[in-house]
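Overview (structure and organization)
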Amino acid sequence: MKDNKKLQKTFEIIDGRGYKHYNEIKGIYKFELFTLEVVHVQRDPFAGPSLIRILMDDVTFPKDLLSNHGRRIAVGDYIGCEFNKSIQKHVHGRTGSGKSGILLIDNGGPEILERTSVIINESSLEIRFSVGLPAKGRRILGKQARELFMKVIPNIVIESCIYQNIDAHDLRRHVFINEDSDYIRNEMKKRGMVAFIRNGSVLPRRSGTSDEPLKGAVKFKSPESLLVSVNTPNHGTVTGMGIPEGVTLIVGGGYHGKSTLLNAIELGIYNHRYGDGREMVVTDDGAVKIRAEDGRKIENVDISSFIHNPPMEKNTCKFSSENASGSTSQAANIIEAIEVGSKLLLFDEDTSATNFMIRDERMQKLVATEKEPITPFIDRVKELYTDHGVSTILVMGGSGDYFEAADTVIMMDNYVPYNVTERAMQIKIEIPINRKTEIKTRFGYQKRHPIKGSIKSMKGRKLKLDSRGKTQVLLGRDVIDLSQVEQLADSSQTRAISYALHYAADYFMDGKVSMEELMKQVEQALDNDGLDVLAPAGKKYPNNLSRPRTFEIAAALNRLRTFKTN
């Protein structure tokens, strides 16, 4: 370890030299309050920025706020936000060529996620962030670099990483929001609920491209018949609408808030920061949004419970396609979600294949059952719950046939929910339907066993693991399209998926381990060792990974064009 004066002297010596001389700053330096490590130096000003670690052994944060894993994640998330705010305060854009002078830390949006950018426990705090080393053309700007490392970075650390310098009340509120959201999620499972929407929540967003809550929006208020109360550890009694297990329909006229409610439910798998409007809107963490996905790859999925005896005698017990239709992709999405443990499926009719969701009485009379290879979801939805414990929430504005299968019916009217279950059951009696249930076999599927050779992480001689935004995984020469996987919250999750697929292939994927077991092993490794376990040799200390669910990791594997199974 070197004294920070050595770093200062090095900047003076290399000032004005060619950019490659920045390699001379690699190493570990002792500052007054922290240790700084230059882990990676970018090859030129236009390349990805350099990687810096800050290590602090004197943790000033109260031990009670670090007493369990959930609290540590929340404290780390808060520090990341404060670090980013301080960057905005002290760094005013680029100071030279390319990425010169920029500082970046991965701190994401309103979701509270486990990240590699901030790792904290009772005895240590680690911050990982990126720095664009200053240059003019490809000549080092040593004075600007010295200013950045000797003044700007220390000031940012002092403002964001010392407990006495932050808003203690705001930090505790942040930690307690996260902890009580986890508590409600666990309490839901004990009470037989799959989702909870807190009274007073603001569910609508400012726009389709914004995470900000809509100003002046109608605040959520549960109907009395669905109102539940939870005595939380930190916020006392919290009340809201509890959605029970089983089959739930969300109905109502267009633009009255059906999809807005479903969107809040599908993102309730994550805890949200204070001020987002969806704090303590909580969903079963195994919920998976299901949609039609024309053109996606399907590999050996047993969709025979939904598609059987299609023309040209294609085997639907081991169905593969490079360009799936809407109905077959939706069938595969259901099986793939259940295969890795989902107990809650979410549907919006607007993004579903109509012929997969329903075949009404008139169509049954026109097209004979033996001529129709699709068993519509309406005929499986109740069986999935009664026989397999898989609940379903559907936004359904166009088919009252689903009343036959529904346990709960919620109507949205001007963004206000009403429990109309009794009325829906009365209508079911008043207007009976004579459609036939088109089930010939019980629901089931065959397990798949991923083959290691499916994962090709090398691009030429270089390991390629990365993301392009939130919707594309970069894995070797392959690009995996996740644009239709709607529950990803952050591009750093997508990047972590790339790492996770490479890790799974290296350690667990042998053609004998089932898809379900493979995902469990990855989950267990993340639980035991954190996100750093995913980092391969040569990619130590990743600074921009956040934890994805195994459902999204599996979704990426299923969409990989080279994916093969036994």
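Here we summarise the structure given alongside this text. (Residues numbered from 1 in each chain as written. Predicted model: local features only at pLDDT ≥ 70, side-chain atom pairs only at ≥ 80, totals over all residues. Heavy atoms only, no water.)

Summing up its helical and strand segments, the protein has 13 helices and 28 strands in all. Buried residues in the protein amount to 57% of all 566 residues. Contacts in the protein between residues at least 24 apart in sequence constitute 72% of all its contacts with a sequence separation of at least 6. Carbon and sulfur atoms make up 48% of the accessible area of the protein, which totals about 24500 Å². The protein carries 80 positive and 73 negative side-chain charges, and their two centres are separated by 7 Å. (Helix = DSSP H or I, 4+ residues; strand = E, 2+ residues; numbered from the N terminus. Buried < 20%, exposed > 50% of the residue type's maximum accessible area, 1.4 Å probe, protein only. Contact = heavy atoms within 4.5 Å. Areas by Shrake-Rupley, 256 points an atom, 1.4 Å probe, with all protein chains shown as cover. Lys, Arg positive; Asp, Glu negative; His and termini not counted. Charge placed at Lys NZ, Arg CZ, Asp CG, Glu CD.)

Right, let's get into the environment of isoleucine 250. Residue placement: isoleucine 250 occurs in strand β14 (residues 247–251). Using a relative accessible area of 0% as the deciding quantity, one classes isoleucine 250 as buried. In contact with isoleucine 250, other than residues within four places in its own chain, are Lys258, Leu261, Ile265, Ile393, Leu394, Val395, Met396, Ile410 and Met412.

Inspection of the entire model under this criterion finds three cavities of 30 Å³ or more. Along its surface, the largest cavity is lined by 18 residues, and Val288, Lys289, Phe551, Ala555 and Arg559 are the ones closest to its centre. Within the residue set of the lining of the largest cavity, elements represented by two or more residues are β17 (287–290), α6 (326–339) and α13 (550–559). With five residues, α13 is the largest single contributor of residues to the lining of the largest cavity. Here the residues of the lining of the largest cavity are counted per class, giving seven nonpolar, four polar and seven charged. What the second largest cavity holds in volume is close to 50 Å³. Around the second largest cavity, the lining residues are Leu203, Pro204, Val218, Phe220, Gly257, Thr260, Leu261, Met412 and Tyr415. In the lining of the second largest cavity, the residues fall into seven nonpolar, two polar and no charged. (1 Å grid on protein atoms, 1.4 Å probe; cavity = no way out; pocket = protein on both sides within 12 Å on 5 of 7 lines; lining within 4 Å. Points joined across faces, edges and corners; volume = space filled by probe spheres on them. Nonpolar A, V, L, I, M, F, W, Y, C, P; charged D, E, K, R; others polar.)

Before going further, it helps to spend a moment on helix α11 (residues 491–507). The end-to-end C-alpha distance of α11, which contains 17 residues, comes to 24 Å, matching closely the 24 Å that a straight helix rising 1.5 Å per residue would cover. Counting buried positions along α11 gives 14 out of 17 residues, so the element sits mostly inside the fold. (Expected span 1.5 Å × (residues − 1).)

Time to look at the sheet that holds strand β27 (residues 472–475). Read from one edge of the open sheet, three strands run β26-β27-β28, paired in antiparallel fashion. On the outer flanks of this sheet lie β26 (465–468) and β28 (478–481), each paired with one strand and no other. Across the sheet, the mean angle separating the axes of adjacent strands is 25° when strand polarity is ignored. Here β27 pairs with β28 via four bridges, running antiparallel. When the bridges of β28 are listed, valine 473 appears paired with isoleucine 480. Sheet contacts for α11: β26, β27 and β28; angle to β26, the most-contacted strand, approximately 150°. (Pairing = 2+ DSSP bridges. Axes fitted to C-alpha atoms, helices over the stretch in contact; angles between N-to-C directions.)

Evaluated as defined, the whole model comprises 14 aromatic pairs. Ring plane angle 70° and centroid distance 5.0 Å describe the contact between tyrosine 19 and tyrosine 22, whose orientation is recorded as edge-to-face. The buried category is assigned to tyrosine 22, whose relative accessible area is 0%. Ring centres of tyrosine 503 and phenylalanine 508 lie 5.6 Å apart, and the angle between their planes is 80°; this geometry places the pair in the edge-to-face category. Comparing tyrosine 503 with phenylalanine 508 shows no difference in burial state: the two are buried. Each residue in the set Phe306, Phe347, Phe356, Phe377, Phe443 and Tyr445 is aromatic and connected to the rest through ring pairs, giving one cluster. Its guanidinium or amino end placed over the ring of tyrosine 274, arginine 173 lies 3.7 Å from that ring's centre, counting from NZ or CZ. (Phe/Tyr/Trp six-rings, centres within 6.5 Å; stacked < 30°, edge-to-face > 60°. Lys NZ or Arg CZ within 6 Å of the ring centre and 35° of its normal.)

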